[in-house]
Structure formats: C-alpha cells, structure tokens
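Below, each chain spelled out in residue letters.
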Number of protein chains: 2
Amino acid sequence: MRKKRKHEGTNSRKHEGSALVIELNAVIVAVTDGKPRILVVQHPDHPENADDQKDSLPPDALPFGPLDPAADRTLELGLRRWVRERTGMELGYVEQLYTFGDRNRDPGELEGGPRVISVPYLALVKERQLSDMGTARWQDWYEFFPWEDWLQRHSSVIDEEIAPALETWIRNDPDPESCDRRRERIEIAFGLGGTPWDEEKVLDRYELLYETGLVPEQARDQELGIEYERESPVSSVELSTESSGVSLVRPMALDHRRILATAMGRLRGKIKYRPVVFELLPRNFTLLQLQRVVEALAGVGLHKQNFRRFVEKGGLVEETGQWETKTGGRPAKLFCFRREVLRERPAPGVGLPGVRH
Amino acid sequence: MRKKRKHEGTNSRKHEGSALVIELNAVIVAVTDGKPRILVVQHPDHPENADDQKDSLPPDALPFGPLDPAADRTLELGLRRWVRERTGMELGYVEQLYTFGDRNRDPGELEGGPRVISVPYLALVKERQLSDMGTARWQDWYEFFPWEDWLQRHSSVIDEEIAPALETWIRNDPDPESCDRRRERIEIAFGLGGTPWDEEKVLDRYELLYETGLVPEQARDQELGIEYERESPVSSVELSTESSGVSLVRPMALDHRRILATAMGRLRGKIKYRPVVFELLPRNFTLLQLQRVVEALAGVGLHKQNFRRFVEKGGLVEETGQWETKTGGRPAKLFCFRREVLRERPAPGVGLPGVRH
DNA sequence: TCAATTATGCTCATTGTTAGCATAAGTGGT
DNA sequence: ACCACTTATGCTAACAATGAGCATAATTGA
C-alpha cells in the first residue's frame, strides 16, 4: 500500500481500475546567482522513503501531477492547472519534452498499479518568481549532474571517477565487438580520446552512467527487479563493489534524473537556435548577465568579447539607453531582447561563441 | 457506432471502459525518385468516409496502432510490434516525435469514447524496403503539403493562393494589436515581407493554415464542434466562402496532417546536425544521390559544388573506391557514410550548404 | 591615488561560405 | 568521328564569421 500514487486518490472514479494513467511532470528552471536551479519536491510516498534505506536522505522529485482526461482540455493546460494549484506559480514558457512510457518506470506497477506514462514539460521562469510553497525547493541542477558542470567544478569528476570506472566497464566486456561499441559510445558522450566535449549530450552521458551503475538509481531499480534496457544489457556488478557510483550526486526519485537529463540537453540545444534565454532574464539586463545565464545553462565558459560581438551584431538585443551601475566596475549598458530578430534570422539563438577549451 | 476504434475491439478487456488509451502513430518515410514518401493507410471507419461528404475521396491516414499497456514493454517496442504485424516491415531508425493529447482530437470522444492520446514516431526506411501490404500505400508527402515544395512546384501556391488569403485574414481582424501579431506570425512562418524562408517551420505554417481554414480539416473539425485553439481563436468564415482552402491538398484523417507537419519539420531540422539521411540511402551512393535526398526532404535546391565540398571536407562520407557508371554522364565515385565523424564533430549533419535563393 | 574590477572597442589570422568559372568523362544521335 | 548534352569534379576570388587576444575606459574599495 505504501506506493499508492497520490493522484489515484485525488482523481475521480474514472481512473479507478484503469490500466493507464498519464502523469505530467514539470522541469521548472530558473537561473539565480549564476546557477541553474530546478524546482523539486519531496516525493510523497516513495519506497526510498521507507526504512530499508541505509542513508535516509530522501530523494528529490520533479513536481508532478495527473492528467485528468475528463477535465483537462490539453496536456499543457493540465500541467499549468496543477502547477498553479500546487505552487501558485503561473507558468510562462513551457515546452513538451518527451514521453516516457517504459513499463515499471513507476514501481507501483509491480504491485498491480496502472501503467504510468509520464509526459514531462520544460518550463522557464524568471529569477524573481522564486516562490517556494509547500515542500517545494529550488535546487542547483548540477547537484544532480556534477559531471555536467565545467564552470564551477572544472568537472574533475569525469577524469577522476567516471573515466576510470567506465574504462573498467569497457574491459569487463568479453565480446570484443560490443567492447568497441562501448568505447565509442563513451568517447563520444564524454568527450574522451580526442572527441570534443558536447554539452548537449546530457542524456547520452546519463544513459551510460545508468547502465554502468554509476548513478544510484540503477542499483535501486535492479533491487526492485526493473529492467531498463537500452542497447547493451546491464551486467550488474561488473564494477568494483566499493565504488558505488559517482560521489556527491543527490538521489532522485523514479526516473526523474533521466527526465532532468532530457530537459538539460534540450535547453542547452535550444538556446542556440531560439531566443529562450530571455525567459530566464529580467526585461533589461547587461551583456554579462546574459552571458552568465548562458554559461550556467551550458556549463561552459565563454569568451566575453566574442560573446558580446555575437549577440550584438546578431541583432539579438538592443540598447535600452539605461545603465547598470552596480556592476562593481565600469557601469554597463542595459539591453533588452530585440523582437525583430525573429523576422530577420530563421534560427535566432545565442550559440556558444568562443567556448573555452 | 461508425466511429468505434479498431483497437477497442482487438485489445483485451483491460481497455474496456477506460477513459484513456494511447495510440502509436508512425510516420514512415522513404525517398524514392527524388520524392519523400510516407506510408499511408485508409482510415478504417472515419466520419469522412460516410456519405455526408461531397467529394468522396477518402482521407489518407498515418498507420497507427494501440499501445497494449499490459504487453508492450516500451512505447517504441509497441510501435515496432504492430508495424511488423500489420505491414511486415521491420523498422530501423525510429524517433519519438511528440505527444498529442488535446481533447477531441479523435471525434470518437464526442460520443463517449476514451480520450485518445497519440504518440507519433518518425521512422526512416531505405528505398528498397518498399513493401506495400494491405491498404498501405506510399504517397509523396508534398501532396499533403504543396506549399512546402520549393523544388518541383516552385511553390507558387504561396504567392497565388496562401499569401492573398492570409492577407484577408489579417485585415479581417478588428483589433490592431492582434492584427500585428497575425502579420508577424505569417511573415515569419511563410518568409514574407523580407523574412527569409525557413524550411523547418512546417508546423508553424500548418497551424496558420488550420486557423485560417485554408486546410480542409479545419472546416471538418468545426462541423464536428471540435475546438482546436492555439493563440488566436478561429473566427470561422472570415475568408471568402468560395475559396475553400488551398487547392490540391489531399485530405487527411483526424489530426494526421499536424502530425506529419511535425515529422517533416523535425526531419528537416535533424538532417542538419545528425547523420540521419543515410538511413534513407543505400549503403553506397553518389554525392548527387545524397544531395537529391537532402533536397527532397528540405524542399529546396542546393549548390552542387558547395554541397560536395561541405560533405567531403566535413568528413561525413568516404570513398569506397567503386564507381557508378549509369549516371547518364561522367561516372561518379561511390561514397559511404563515414562513421568516425561521430567522434570528430559534436553535431555531424548535412546542413544545407548553398541554398538557392 | 592605487589596485582591482568590469565594460567595451578593435585587430588579425584563420576558417567557412557563396557564387561562379572551367574542365573531365561519360551518353546518344547523325 | 563529331555533335550536343549530361553529370562529375576541381578550383578561385570575394566575403562573412570565428577564435584569441591587446588595449582602453569607467567604476569601486583600500
């Protein structure tokens, strides 16, 4: 009984006995103090909250709510509805991410619960909208993905922890062909062996870490008997037993880290060809503020002068005539998004001009 | 009774009385003779087949099948299963497109049927796999989207039919603000008023044509009392009554044209940063063959010499040493996809080097 | 006033793109 | 054999975009 889902209780009888429900997840992103943060809640009644856990740190969960097939006219309106109801937040920009429908992605299914299809959305909100109601908190998304941060942590996690562990994983594969495939996947995903780092491949990296058990939920799922196969099957305890995964990753409920990875990758890609960063900024901003937000999202540092040239010459912003004086140095011009760019360029985005190597 | 869905009958009792079903759609694309074609079927029992239709041309439908929540381990496997069962085709590359869950997108809901959520997939198959079983046929996708073809038809449809009609639509809006928004959307979507044509904006263009009733299904949906609102509400018979839409568009069932638009836009975007075109080509091909496929998909013509430079210097292909002699001119080198490019470049795609203006 | 900090202007070499010109090597017809 | 025609392929000049850095400007705090 402990895994009874909240929305089974709250919804009308229409769902009772149904083999199928749709759960809407929200990855609500804001950037504060140069850190991308997502809104997380405490998952109401998840197995990991039970006492069979060694470390009792309860996993964070993405906010979620049910689709009410009878009441919600569209999925997006359903999402907006329960986000409003539960957090009081009125979402602006939202974008559907993907639909996750693997069996047993919700362990409740193992006990006869309905098949839960999850349709997560990405939502971007402005800094100032920080309103934390109930158990909801903002959490730096790099706490869930330390290896994605090449700005603050220099991502030594990869060299020191991930790369060696993956190397073991490669070598433990008896089949030389599959071995090569593993190596190729790893080198492409993590930018090893001469391959350049691609900040968009968040999901590929996650999938690899899941398969290799370097991420805590793999062990948890395996204990529950959930198979989450991709290309190559997980050969359980291939890795040295003491290294139970990448250190310092916050636990996450269900497959929410996978969803977050999807969101991060999508957003990192999208800022390059769509002016979505501005959803995360106040109406007026300095170019450095803009740069910091882009850097925070992409997880990489950018060349300041080139960034400013790109964004100004690209017609993405225009001067407001105002100045920001509290910069700690020379005052900076304040800019705002230049809407006309939409007519001029087919794919107006910020790109990552001058990524530091 | 005429609208009873096939899978309600074929599936187990688990679905009986359920308020929710998931339908998997497949947009199966192949390129033959320089034309992108999709696999269409005749929709089993759709209202448009009834005799209340003036022109009795039955609408084409995308192949679809139900998700069996009890049997299908993943959505993708469910898709592959019924495609195999119904067409004998074993799909290779597939990619989830989007999830459409608007109420009444299936008119059966109006008569108490379950809410039908559609999860369409894009599948790419090779030319030779053309196997048409049952009612399934291959159909040039530009028959459904004449205005997307700037290669064969020069797309005079836009100048002669669409642009004037949209101009009327703009002028018929009493509110000057909303009027401006309409104009901006149109100019951006259709590349009018100095804005460049963006071949990826297939869905935006479709949405506009739907809203303005230039596409046959708008009238049909309105007759059925289905609201499919986006930003601005459809003001029904704003347009001159005689012009009942763009000429020569093949009718499509349900919201399948919207799904196809999503697929086209996605594919047109994806070829630029992912080497997916090769899924549509034989293992060995000439550079012109490759170019023709890209052109067919993107709907625009490319500069031959620049295309070949781009694709060769970009490391996307490698020579096989073989020659194609039946070119009708000088024999051409045969190339194949160069897999190593995946390691070298973060986003290896074909791009559209040298689009003809 | 100095050091530190941030903003902003400008350069230069490199690389990539656009739009062509020109040549090569086949075809079919007369 | 010669022709017109087709397709393949090599090459270039002008221009645009990018990467990396130097230099200067305008603030603040010690």
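Preceding block: the structure.
My aim in this report is to walk through the structure given alongside it, one point at a time. (Residues numbered from 1 in each chain as written. Chains lettered and ligands numbered in written order. Predicted model: local features only at pLDDT ≥ 70, side-chain atom pairs only at ≥ 80, totals over all residues. Heavy atoms only, no water.)

### Some points on the interface of chain B and chain A
Argument step 1. With 38 residues of chain B in contact, the opposing surface of chain A contributes 38 residues.
Argument step 2. In this assembly, chain B packs against chain A so that about 3,600 Å² is buried in total across both faces, 49% of it on carbon and sulfur atoms.
Argument step 3. Looking at the side of chain B facing chain A, the largest losses of area belong to L20(B), R73(B) and R343(B), adding up to 21% of the total buried there.
Argument step 4. Here chain B and chain A share four salt bridges between them.
Argument step 5. As a salt-bridge pair, R343(B) and E187(A) come within 2.2 Å of each other at their nearest N and O atoms.
Argument step 6. Among the elements of the structure, strand 1 (20-32), strand 6 (115-124), helix 4 (176-190) and helix 10 (341-344) of chain B are those that each provide at least two residues to the side of chain B that touches chain A.
Argument step 7. In terms of residue class, the side of chain B that touches chain A is built from 15 nonpolar, six polar and 17 charged. (Contact = heavy atoms within 4.5 Å. Buried area = accessible area lost by both parts, 1.4 Å probe. Salt bridge = Lys/Arg side-chain N within 4 Å of Asp/Glu carboxyl O. Helix = DSSP H or I, 4+ residues; strand = E, 2+ residues; numbered from the N terminus. Nonpolar A, V, L, I, M, F, W, Y, C, P; charged D, E, K, R; others polar.)

### Some words on the protein's contact with DNA strand C
Argument step 1. Taken together, 23 residues lie around DNA strand C, and K304(A), R308(A), K333(A), Q305(B) and R309(B) are the ones closest in.
Argument step 2. The contact atoms of DNA strand C, taken as those within 4 Å of the protein, divide so that sugar and phosphate hold 50%.
Argument step 3. Between DNA strand C and Q305(B) there is a distance of 2.5 Å, counted from a base nitrogen to a side-chain nitrogen or oxygen.
Argument step 4. Elements with a contribution of two residues or more to the surface near DNA strand C: helix 9 (304-313) and strand 9 (332-337) of chain A together with helix 9 (304-313) of chain B.
Argument step 5. Sort the elements by how many residues they give to the surface near DNA strand C and helix 9 of chain A lands first, with four residues.
Argument step 6. Within the surface near DNA strand C, the residues separate by chemical class into six nonpolar, ten polar and seven charged. (Near = heavy atom within 4 Å. Polar contact = N/O pair within 3.5 Å; in protein donor to acceptor, adjacent residues only side chain to side chain.)

### Quick word on the relation of the copies chain B and chain A
Argument step 1. For the match of chain B to chain A, the screw axis carries a shift of 0.0 Å, the RMSD comes to 0.0 Å, and the turn is 180°. Viewed as a symmetry operation, the transformation between the two copies matches a two-fold axis.
Argument step 2. A shared binding surface is used by both copies, with 100% of the interface residues of chain B retained as interface residues in chain A. (Least-squares fit on C-alpha atoms with pLDDT ≥ 70 in both.)

### A closer look at the nonpolar core
Argument step 1. Grouped together as the largest cluster of nonpolar side chains are 68 residues, with contacts concentrated most on V27(A), I38(A), W147(A), F190(A) and L290(A).
Argument step 2. Leave out the neighbours within four places in its chain, and I38(A) touches V27(A), I28(A), V29(A), L62(A), R137(A), W138(A), Q139(A), W141(A), F144(A), M252(A) and L260(A).
Argument step 3. Membership of the second largest hydrophobic core comes to 67 residues, among which are Y210(B), V215(B), A261(B) and L302(B). (Core = buried A, V, L, I, M, F, W, Y, C linked by side-chain atoms within 4.5 Å. Buried < 20%, exposed > 50% of the residue type's maximum accessible area, 1.4 Å probe, protein only.)

### With respect to the packing of aromatic side chains
Argument step 1. All chains considered together, the criterion is met by 16 aromatic pairs over all chains.
Argument step 2. Measuring from ring centre to ring centre gives 6.1 Å for Y206(A) and Y210(A), while their planes differ by 50°; the resulting arrangement is tilted. With Y206(A) and Y210(A) both in helix 5 (residues 202-211), this residue pair falls four residues apart, about one helical turn. In this structure, Y206(A) and Y210(A) share a single accessibility class: buried.
Argument step 3. An angle of 85° between the planes, with centres 6.0 Å apart, marks the rings of W141(B) and Y142(B) as edge-to-face.
Argument step 4. For Y142(B), a relative accessible area of 3% translates into the label buried.
Argument step 5. Counting every residue linked through ring pairs, the aromatic cluster contains F145(A), W147(A), Y206(A) and Y210(A).
Argument step 6. Above the face of the F64(A) ring, R86(A) is positioned so that its terminal group lies 5.6 Å from the ring centre. (Phe/Tyr/Trp six-rings, centres within 6.5 Å; stacked < 30°, edge-to-face > 60°. Lys NZ or Arg CZ within 6 Å of the ring centre and 35° of its normal.)

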